[in-house]
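# Reading the structure
One-letter residues, chain by chain:
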Amino acid sequence: MGTVTPLPLGRPTQVGYDRVELNRILDLYGRMVAAGHWRDYAIQLDADAAIFAAFRRAAERPEYRIEKRPALRNRQGMWALVNESGAVLKRGHDLGPVLAPIERRLMKLVSG
């Protein structure tokens, strides 16, 4: 018989998005692309955060970053919306309210 090796338990090596979260973010991204506002995106998965960055043009800094930091789950919330200059626009425990400022802006882009 062989030796049973236990799986390593502990902290995951990187933070990621689950399917529902990523679908919500990509749905918003697709609508912003259709409105002609965003053209590119990037996803960065690190040990402490998962970051979705949306760009107007590929050569710029991202217009918005949607950050998921599970270490802040019990404090101000693990979700944050960060603008181009690095200021946190919205922080919360749920993704929906954090994306609300972009959703409102999308409504203005589409109707105006």
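These notes cover the structure that comes with them. All of these numbers come straight from a predicted model, not from anything done at the bench.

### Things to note about the pattern of salt bridges
Going through the model one piece at a time under the given rule, you end up with nine salt bridges. A salt bridge links arginine 56 to glutamate 84, with the shortest nitrogen-to-oxygen separation between them at 2.7 Å. Of this pair, arginine 56 sits in the loop between β2 (50-55) and β3 (64-68) while glutamate 84 is found in the loop between β4 (79-83) and β5 (88-92), placing the two residues 28 residues apart along the sequence. What makes arginine 56 partly exposed here is its relative accessible area of 27%. Across the pair arginine 65 and glutamate 67 runs a salt bridge whose closest N-O atoms are separated by 2.9 Å.

### Section: the environment of glutamate 60
Tracing the backbone shows glutamate 60 in the loop between β2 and β3. As a C-alpha pair, glutamate 60 and glutamate 84 span 24 residues in sequence and 9.4 Å in three-dimensional space.

### Notes on the packing of aromatic side chains
Tallied over the full model, the rule gives six aromatic pairs. For the ring pair tyrosine 29 and tyrosine 41, a centre distance of 4.9 Å and an interplane angle of 70° mean the geometry is edge-to-face. With a gap of 12 residues between them, tyrosine 29 in helix α1 (residues 19-34) and tyrosine 41 in strand β1 (residues 40-45) connect regions that are remote in the sequence. Classification of tyrosine 29 by relative accessible area gives buried; the value is 12%. An aromatic cluster of three or more residues is present, and its members are Tyr29, Trp38, Tyr41, Phe52 and Tyr64.

### Describing the pairing of β2
For β2, the buried fraction is high: six of the six residues fall into the buried class. Of the two faces of β2, the one holding Ala50, Phe52 and Ala54 and the one holding Ile51, Ala53 and Phe55 are both buried throughout. For β1 and β2, the ladder comprises six bridges, and the chain directions are antiparallel. Bridging from a neighbouring strand, leucine 45 pairs with alanine 50 of β2. Here β1 folds back onto β2, and the loop between the two strands holds four residues. Relative to β3, β2 runs antiparallel, the two sharing five bridges. Residue alanine 50 lies in a different strand from β3, and its bridge partner there is lysine 68.

What counts and what doesn't
The residue count restarts for each chain, going from 1 along the sequence in the order it is written. Given that this is a predicted model, residues contribute local features only at a pLDDT of at least 70 and side-chain atom pairs are listed and counted only at 80 or more, while totals for whole chains, interfaces and linings are drawn from all residues. In computing side-chain values, all of the structure's heavy atoms are included and hydrogens and water are not. Just to be clear on terms, a salt bridge is a Lys or Arg side-chain nitrogen sitting within 4 Å of an Asp or Glu carboxyl oxygen. For the purposes of this entry, the term helix denotes a DSSP run of H or I that reaches at least four residues, the term strand denotes a run of E that reaches at least two, and both are numbered from the N terminus. Exposure is judged per residue with a 1.4 Å probe applied to protein chains only, and the accessible area is read against the type maximum: over 50% gives exposed, under 20% gives buried, and values in between give partly exposed. Note on ring pairs: Phe, Tyr and Trp rings are taken, using the six-membered ring of Trp, and paired if centres are within 6.5 Å. Classes follow the plane angle, with under 30 degrees stacked, over 60 edge-to-face and the rest tilted. Here the rule is simple: two strands pair whenever DSSP picks up at least two bridges between them.

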